[in-house]
Amino acid sequence: MTLLILAGTGDAKRIVQALDGVDVVASLAGATRSPDELPVPTRVGGFGGAEGFRDYLSEAGITAVLDATHPYATRITARTAAICAELGMPFLQYLRPGWAPEPGDQWTEIAHEEEAALHVPPGATVFLGTGRQTLERFANLAGCRVICRQIDPPTEPFPFEGGEFLVGRPPFSVGDEVELFKRLCVDCLVVKNAGGAASRTKLTAARQLGIKVLMLARPSAGDWPIVSTVDDALDWVRAL
């Protein structure tokens, strides 16, 4: 068996590290310039669409695929699931559970990035923890100071007025986030419901400081096999 793991998350790294003795190839989309190294052969960059992915599976002798990408990487996951089904190849998505509000949290769920403007008063300082891929969808936050945190230094100017980039590489402790939000005078935090303990620190900091959180709702789950724990993902691989 040769397993392809679509990686790019901390959980994907944990899965790879636990599969000692299994023939594993990892794939990274290339969204981050200097990703954490994985202890297996790693392919970086896209596959060139659906046909390119089919060709790669054949050329690399892949016999099963485990998708452990970000919960919001819906296009990659749906395409991979469809192609694996077409080829009769075992496929599994690891989808970690989303976050749920705790006492003291001030969360408002929104379906799309553009809805943030409906909940943010003019002149507010908005901290985006949503990444740069969807940044332009917040262009309607006119009159606000918008801060977008990303891992890599920007290569292009901010796409609309009133915005600025903040470079930072996780993990961030709760104390780090509290200090940062205080320094920036953050009024509103916008995040995706990615789940996971490591990135929840910003939500804990927001709760401690009484900061409003706009939570982008999770995409609907697909109708393919899905597990929500690393142990279940490892059991699936070992059972193949």
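Before reading further, recall that the structure is shown in the block above.
Position numbers for residues start from 1 in each chain and track the written sequence from start to end. This being a predicted model, a pLDDT of at least 70 is required before a residue's local features are given, and a value of 80 or more before pairs of side-chain atoms are given or counted; all residues contribute to the totals for chains, interfaces and linings. Based on all heavy atoms of the structure, the side-chain values leave hydrogens and waters out of the count.

Draft legend 1. View of the packing of aromatic side chains. Two rings from Phe, Tyr or Trp (for Trp, the six-membered ring) form a pair when their centres sit within 6.5 Å of each other. Planes less than 30 degrees apart are called stacked, planes more than 60 degrees apart edge-to-face, and all others tilted. All chains considered together, the criterion is met by 5 aromatic pairs. On the basis of an interplanar angle of 50° and a centroid distance of 5.1 Å, the ring pair of F47 and Y56 is categorised as tilted. Each of the two residues, F47 as well as Y56, counts as buried. Between the aromatic rings of F158 and F165, the centroid separation amounts to 4.9 Å while the plane-to-plane angle is 55°, which identifies the pairing as tilted. Partly exposed residues are those whose accessible area sits between 20% and 50% of the maximum for their type, while under 20% is buried and over 50% is exposed, using a 1.4 Å probe and protein chains only. Judged by relative accessible area, F158 falls into the buried class, the value being 16%. Of the aromatic side chains, those joined through ring pairs into one cluster are F47, F53 and Y56. Think of it as a cone above the ring: NZ of Lys or CZ of Arg counts as a charge over the ring if it is within 6 Å of the ring centre and within 35 degrees of the ring normal. Looking at R79, its charged tip hangs above the ring of F53, at a distance of 5.4 Å from the centre. Against the face of F172 rests R149, its NZ or CZ located 4.0 Å from the ring centre.

Draft legend 2. The arrangement of the pattern of salt bridges in detail. Each reported salt bridge corresponds to a side-chain nitrogen of Lys or Arg within 4 Å of a carboxyl oxygen of Asp or Glu. In the structure shown here, the tally under the stated rule is 11 salt bridges. Here the salt bridges share partners, and the residues they tie into one network are E102, D105, R200 and R207.

Draft legend 3. The side chain of R200, seen in detail. Secondary structure follows DSSP: runs of H or I at least 4 residues long count as helices, runs of E at least 2 residues long count as strands, and numbering of each begins at the N terminus. Take R200: it is sitting in the loop between strand 10 (188-192) and helix 5 (201-209). Since its relative accessible area comes to 14%, R200 is described here as buried. Throughout this description, a polar contact denotes any pair of N or O atoms lying within 3.5 Å of each other; where both atoms belong to protein, one of them has to be capable of donating a hydrogen while the other can accept it, and for residues adjacent in sequence the pair is counted only when both atoms sit in side chains. Polar side-chain contacts of R200 include one of 3.3 Å to the side chain of E102. Only heavy atoms matter for contacts: two residues are in contact if any of them lie within 4.5 Å across the pair. In contact with R200, not counting residues within four places along its chain, are W99, A100, E102, D105 and W107.

Draft legend 4. Structural view of the sheet that holds strand 5 (residues 91-94). Read across the open sheet, the 6 strands follow the order 3-2-1-4-5-12; overall the sheet is parallel. The sheet is open, and its two edges are formed by strand 3 (42-44) and strand 12 (226-227), each paired on a single side. Bridging between strand 2 (residues 24-28) and strand 3 involves 3 bridges; their strand directions are parallel. In the sheet register, S27 faces strand 3, and the bridge partner there is R43. Here, axes are lines fitted to C-alpha atoms. For helices the fit covers the stretch in contact, and angles between N-to-C directions go from 0 to 180 degrees. Where helix 2 (residues 49-59) meets the sheet, its contacts fall on strand 1 (3-6), strand 2, strand 3 and strand 4 (64-67), and the angle it forms with strand 1 comes to roughly 140°. Against the sheet, helix 6 (residues 230-239) makes contact with strand 1, strand 4, strand 5 and strand 12, and its axis sits at roughly 175° relative to strand 4, the strand it touches most. When DSSP locates at least two bridges between a pair of strands, those strands are taken to pair.

Draft legend 5. Seen up close, the nonpolar core. Here, the term nonpolar core denotes a set of buried Ala, Val, Leu, Ile, Met, Phe, Trp, Tyr and Cys residues that are joined through side-chain atoms within 4.5 Å. Counting 23 residues, the largest nonpolar core has L3, I5, I15, L19, L66, Y94 and W236 as its most contacted members. Considering every element that reaches this core, the biggest residue donor is helix 6, with 5 residues. Dropping the residues within four chain positions of it, L19 is found in contact with L3, I5, V24, L234 and V237. With 19 residues, the next largest nonpolar core counts L128, L141, V146 and L214 among its residues.

Draft legend 6. Main features of the packing of helix 2 against helix 3 (residues 74-87). Relative to each other, helix 2 and helix 3 sit at 50°, their axes nearing to 11 Å. Judged by the angle between their axes, helix 2 and helix 3 are oblique. Crossing handedness for the pair helix 2 and helix 3: right-handed. Where helix 2 approaches helix 3, its residues G49, A50, F53, R54 and L57 are matched on the opposing element by R79, T80, I83, E86 and L87. When residue character is reported, Ala, Val, Leu, Ile, Met, Phe, Trp, Tyr, Cys and Pro are called nonpolar, Asp, Glu, Lys and Arg charged, and the others, Gly included, polar. In the contact of helix 2 with helix 3, the residues fall into 5 nonpolar, 2 polar and 3 charged. Angle categories: roughly parallel below 35 degrees, roughly antiparallel above 145, roughly perpendicular from 65 to 115, and oblique for all the rest. Left-handed describes a crossing whose near helix is turned anticlockwise from the far helix by less than a right angle; the clockwise case is right-handed.

Draft legend 7. Layout of helix 3. Working rule for helices: expected span equals 1.5 Å times residues minus one. With 14 residues, helix 3 extends 20 Å from end C-alpha to end C-alpha; this agrees with the ideal 20 Å at 1.5 Å per step. Those residues of helix 3 that fall on the buried side of the exposure criterion are T77, T80, A81, I83 and C84. Those residues of helix 3 hidden inside the fold are in contact with strand 1, helix 2, strand 4 and strand 5. Looking one or two residues past helix 3, G88 carries a phi angle of roughly 70°, positive in sign.

Draft legend 8. Examining the packing of helix 4 (residues 174-184) against helix 5 more closely. At a closest axis distance of 8 Å, the pairing of helix 4 and helix 5 adopts a crossing angle of 55°. Relative to helix 5, the element helix 4 is oriented oblique. Remark: the crossing between helix 4 and helix 5 carries right-handed chirality. Taken together, the residues of helix 5 that come into contact with helix 4 (itself represented by V174, E177, V178, F181 and K182) are T201, K202, T204, A205, A206, Q208 and L209. Split into classes, the residues belonging to the contact of helix 4 with helix 5 amount to 6 nonpolar, 3 polar and 3 charged.

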